[in-house]
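# Chain and residue survey
Spelled out from the first residue to the last, the chains are:
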Amino acid sequence: WWSFPFHDTTSQKAYKLTLSVLKKKPRTKNFPLWTVPGTFKSINADKFAEWQKKAPWYKQAELMAVLTDLVKDGNVNWLGRVGAVESLAKLGAKKAELEKLRKSFGEPKGDDVHVANALDKAIATAP
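So, a few notes on the structure that sits alongside this text. Note that residues are indexed from 1 along each chain, following the sequence as it is written. Since the coordinates come from a predicted model, pLDDT governs what is reported: local features require at least 70, and pairs of side-chain atoms require 80 or more to be given and counted, while whole-chain, interface and lining totals use all residues. Calculated side-chain values reflect all of the structure's heavy atoms, with hydrogen atoms and water omitted.

Running from amino to carboxyl end, helix 4 (residues 78-90) crosses helix 6 (residues 112-125) at an angle of 10 degrees, the nearest separation of the two axes being 9 Å. Of the possible angle classes, the one that applies to helix 4 and helix 6 is roughly parallel. Two secondary-structure elements touch here, helix 4 through W78, R81, V82, V85 and A89 and helix 6 through D112, H114, V115, A118, L119 and A122. Three residue categories are used. Nonpolar comprises Ala, Val, Leu, Ile, Met, Phe, Trp, Tyr, Cys and Pro, charged comprises Asp, Glu, Lys and Arg, and polar comprises the others, including Gly. Split by residue class, the contact of helix 4 with helix 6 holds eight nonpolar, one polar and two charged. Every angle, taken between N-to-C directions, lies between 0 and 180 degrees, and every axis is a line fitted to C-alpha atoms, over only the stretch in contact when it is a helix. To qualify as a helix, a DSSP run of H or I must reach at least 4 residues; to qualify as a strand, a run of E must reach at least 2; elements of each kind are numbered from the N terminus. When an angle is under 35 degrees it counts as roughly parallel; over 145 it counts as roughly antiparallel; between 65 and 115 it counts as roughly perpendicular; any other value is oblique. Contacts between residues were defined by any pair of non-hydrogen atoms, one from each residue, lying within 4.5 Å.

Within helix 5 (residues 95-103) the residues assigned to the buried category are L98, L101 and R102. Seen end-on, helix 5 carries its buried residues on one side only, within an arc spanning 100 degrees. Those residues of helix 5 that are exposed and aimed more than 90 degrees away from the buried face are A96, K100 and K103. Each residue gets one of three labels from its accessible area relative to the maximum for its type: buried under 20%, exposed over 50%, partly exposed in between, using a 1.4 Å probe on protein chains only. Note that the arc is computed from the directions linking the helix axis to the C-beta atoms.

Moving on: the packing of aromatic side chains. When two rings of Phe, Tyr or Trp (its six-membered ring) have centres within 6.5 Å they constitute a pair, described as stacked for plane angles under 30 degrees, edge-to-face for angles over 60, and tilted for the intermediate range. As enumerated under the stated definition, the model contains 16 aromatic pairs in all. Plain terms: the ring middles of W1 and F40 are 5.7 Å apart, the flat faces sit at 25 degrees to each other, and that makes the pair stacked. Residue W1 is located in the segment before helix 1 (12-23), and its partner F40 is located in the loop between helix 1 and helix 2 (45-54); the two are separated by 39 residues in the primary sequence. Each member of the pair W1 and F40 is classed as buried. Site record: aromatic cluster; members linked through ring pairs are W1, W2, Y15, F40, F48, W51, W57 and Y58.

For W51, the location among the structural elements is in helix 2. Setting aside residues up to four positions removed in sequence, W51 forms contacts with W1, S3, H7, D8, T9, T10, W57 and Y58.

Take unusual backbone geometry next. A cis amide bond, omega 5 degrees, links F4 with the succeeding residue P5. The omega torsion of the bond from F31 to P32 falls at 0 degrees, within 30 degrees of zero and hence cis. Looking at where P32 falls in the secondary structure, it is placed in the loop between helix 1 and helix 2. Even without glycine at this site, H7 takes up a positive phi of about 45 degrees. For H7, the location among the structural elements is in the segment before helix 1. Residue H7 is classed as buried on the basis of its relative accessible area, which comes to 2%.

Structure representation (structure tokens):
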């Protein structure tokens, strides 16, 4: 349904399925697949607005809420969590939102270091 880089196809059914998969708990290092949360950092700015007109069911705030939950979930593979941060940044997460998320990590340990670093990078460029 995302169909980057062309954004020429839509599927409400696939959108809802994607969200349900990303929301499903318990999550593990293998579920959801680590490549999925980073998918949404790829947007063709020239075509996305027109695509959104064809996909009125797409709710960016809903997608961003699911991605935020993935970032916080320590059970998710750190690569997927970093991808979620990158997607949030590309989708327009505000600096204050990212800073709040970053504070929830405190002094990161283990794989959380990678996620915290991605948040720091996103914060540095956020509006």
